[in-house]
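A closer look at the structure
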Amino acid sequence: MNMTPSIWTIGYGNLPLATFLERLAEEQITHLVDVRTNPVSSYMRDYDYSNIKQALAWSTVKYLYMGDRLGGKPNDASLTTEGRPDYEKIRADPRFLIAIAKVIEAATTPDRHICLMCGCSRPESCHRSTLLGEALAEKGAEMRHICPDRSILGQKEVMALRNAGQSNLFDA
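Treat the numbers as computed from the prediction; the structure is a model and nothing was measured. (Residues numbered from 1 in each chain as written. Predicted model: local features only at pLDDT ≥ 70, side-chain atom pairs only at ≥ 80, totals over all residues. Heavy atoms only, no water.)

1. Things to note about the pattern of salt bridges
What counts, and what does not: A pair is scored as a salt bridge if a Lys or Arg side-chain nitrogen falls within 4 Å of a carboxyl oxygen belonging to Asp or Glu. Strands are runs of DSSP state E lasting at least 2 residues, helices are runs of H or I lasting at least 4, and numbering of each runs from the N terminus. Throughout, exposure labels follow a simple rule: accessible area from a 1.4 Å probe, protein chains only, divided by the maximum for the residue type, with under 20% read as buried, over 50% as exposed, and the rest as partly exposed.
Under the criterion given, the structure shown has 10 salt bridges. The closest approach of N and O atoms between Arg 91 and Glu 138, which form a salt bridge, is 2.5 Å. You can see Arg 91 sitting in helix α4 (residues 87-92) and its partner Glu 138 sitting in helix α6 (residues 127-138), a full 47 residues away along the chain. With a shortest N-O distance of 2.9 Å, Arg 95 and Asp 93 are connected by a salt bridge. Using a relative accessible area of 42% as the deciding quantity, one classes Arg 95 as partly exposed. Overlapping salt bridges bring together Glu 22, Glu 26 and Arg 150 as one network.

What follows is the structure, given as structure tokens:
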């Protein structure tokens, strides 16, 4: 059994569904885990919960919704600070911890390639890296973020991109 699980992430952004499904096939994804708090899209209706679930029913990829436990914008007010998601509180929440453990367990199962999906196309600006990627990497998972240009970046690379994109007040 693989002791270091690999877990992919992808954001659909403005990708047509056919292109999105091609990218999953390129990485041999077997299970797509929807980590959007609210699994709907106002601009890409193919990715609404019922539509993506139905589209994947015709493929070899299994769909699972876990945004209620792994979403970046929890509906539980106790997981926010001043109305904003508080990642430290979320990461300490038992529901989150159990869900992370389930993702890791699934990723260590032979012949399973797990991919976490959200709407953000760029991993460095999404909770897939800042919340989930960090939590999973701490548990020993190798993160593989699928980027819009089809490249695959690891967790450290994505966080370096995120940090490089943050301006410093004293750089001007």
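2. Some thoughts on the pairing of strand β6 (residues 114-118)
Put simply, the rule reads: Should DSSP find at least two bridges between two strands, the strands are taken to pair.
Across the five residues that make up β6, a large majority, five, are buried. Every second residue of β6 is oriented toward a common face, with Ile 114, Leu 116 and Cys 118 on one face and Cys 115 and Met 117 on the other, all of them buried. Alignment of strand β1 (residues 6-11) against β6, held across five bridges, turns out to be parallel. Bridging from a neighbouring strand, Gly 11 pairs with Cys 118 of β6. Where strand β2 (residues 31-34) lies against β6, four bridges are found, and the strand directions are parallel. Counted as the bridge partner of Val 33 is Leu 116 from β6.

3. A word on the sheet that holds β1
Cut-off, in case you're wondering: Between two residues, a contact is recorded if the distance between any of their heavy atoms is within 4.5 Å. Every angle, taken between N-to-C directions, lies between 0 and 180 degrees, and every axis is a line fitted to C-alpha atoms, over only the stretch in contact when it is a helix.
Strand order in the open sheet made by the six strands is β3-β2-β6-β1-β7-β8, with mixed pairing throughout. One side of each edge strand has no neighbouring strand; the edge strands of this open sheet are β3 (62-65) and β8 (152-153). Across four bridges, the pairing between β1 and strand β7 (residues 142-146) is parallel. Following the sheet pairing, Ser 6 is matched in β7 by Glu 142. Docked against the sheet, helix α2 (residues 49-57) engages β2 and β3, running at close to 155° with respect to β3. In this fold α6 packs onto β1, β6 and β7, with an angle of close to 150° to the strand it touches most, β6.

4. A few points about α6
α6 sits mainly inside the fold: nine of its 12 residues count as buried. Within α6, the full set of buried residues consists of His 127, Arg 128, Ser 129, Thr 130, Leu 131, Leu 132, Gly 133, Ala 135 and Leu 136. Downstream of α6 by one or two residues, Gly 140 has phi in the positive range, about 100°.

5. Overview of the side chain of His 145
We count it as follows: Pairs of N or O atoms within 3.5 Å make up the polar contacts considered here, provided that, within protein, one atom can donate a hydrogen while the other can accept it, and that residues adjacent in sequence are counted only when both atoms are side-chain atoms.
With respect to the helices and strands, His 145 occurs in strand β7. For His 145, a relative accessible area of 0% puts it in the buried group. A polar side-chain atom of His 145 sits 2.7 Å from a polar atom in the side chain of Thr 9. In terms of polar contacts, His 145 uses its side chain to reach the side chain of Gln 155, at 2.7 Å. Setting aside anything within four residues of it in sequence, one finds His 145 in contact with Thr 9, Pro 123, Arg 128, Ser 129, Ser 151, Ile 152, Leu 153, Gly 154, Gln 155 and Val 158.

6. A look at the packing of aromatic side chains
Heads up, the condition is: What counts as a ring pair is set by centres within 6.5 Å for rings of Phe, Tyr and Trp (its six-membered ring), and what kind of pair is set by the plane angle: stacked under 30 degrees, edge-to-face over 60, tilted for all other angles.
This model, assessed by the stated rule, comprises four aromatic pairs. Where Tyr 12 meets Tyr 47, the ring centres are 3.9 Å apart and the plane angle is 5°; that geometry is what we call stacked. In this pair, Tyr 12 sits in the loop between β1 and α1 (17-26) while Tyr 47 sits in the loop between β2 and α2, placing the two residues 35 residues apart along the sequence. Each member of the pair, Tyr 12 as well as Tyr 47, carries the same accessibility label: buried. Aromatic side chains Tyr 49 and Tyr 63 sit 5.7 Å apart centroid to centroid with 65° between the ring planes, which places their arrangement in the edge-to-face category. One end of the pair, Tyr 49, is in helix α2; the other, Tyr 63, is in strand β3, with 14 residues separating them in the sequence. Cluster of aromatic residues (ring-pair linked, three or more members): Tyr 12, Phe 20 and Tyr 47.

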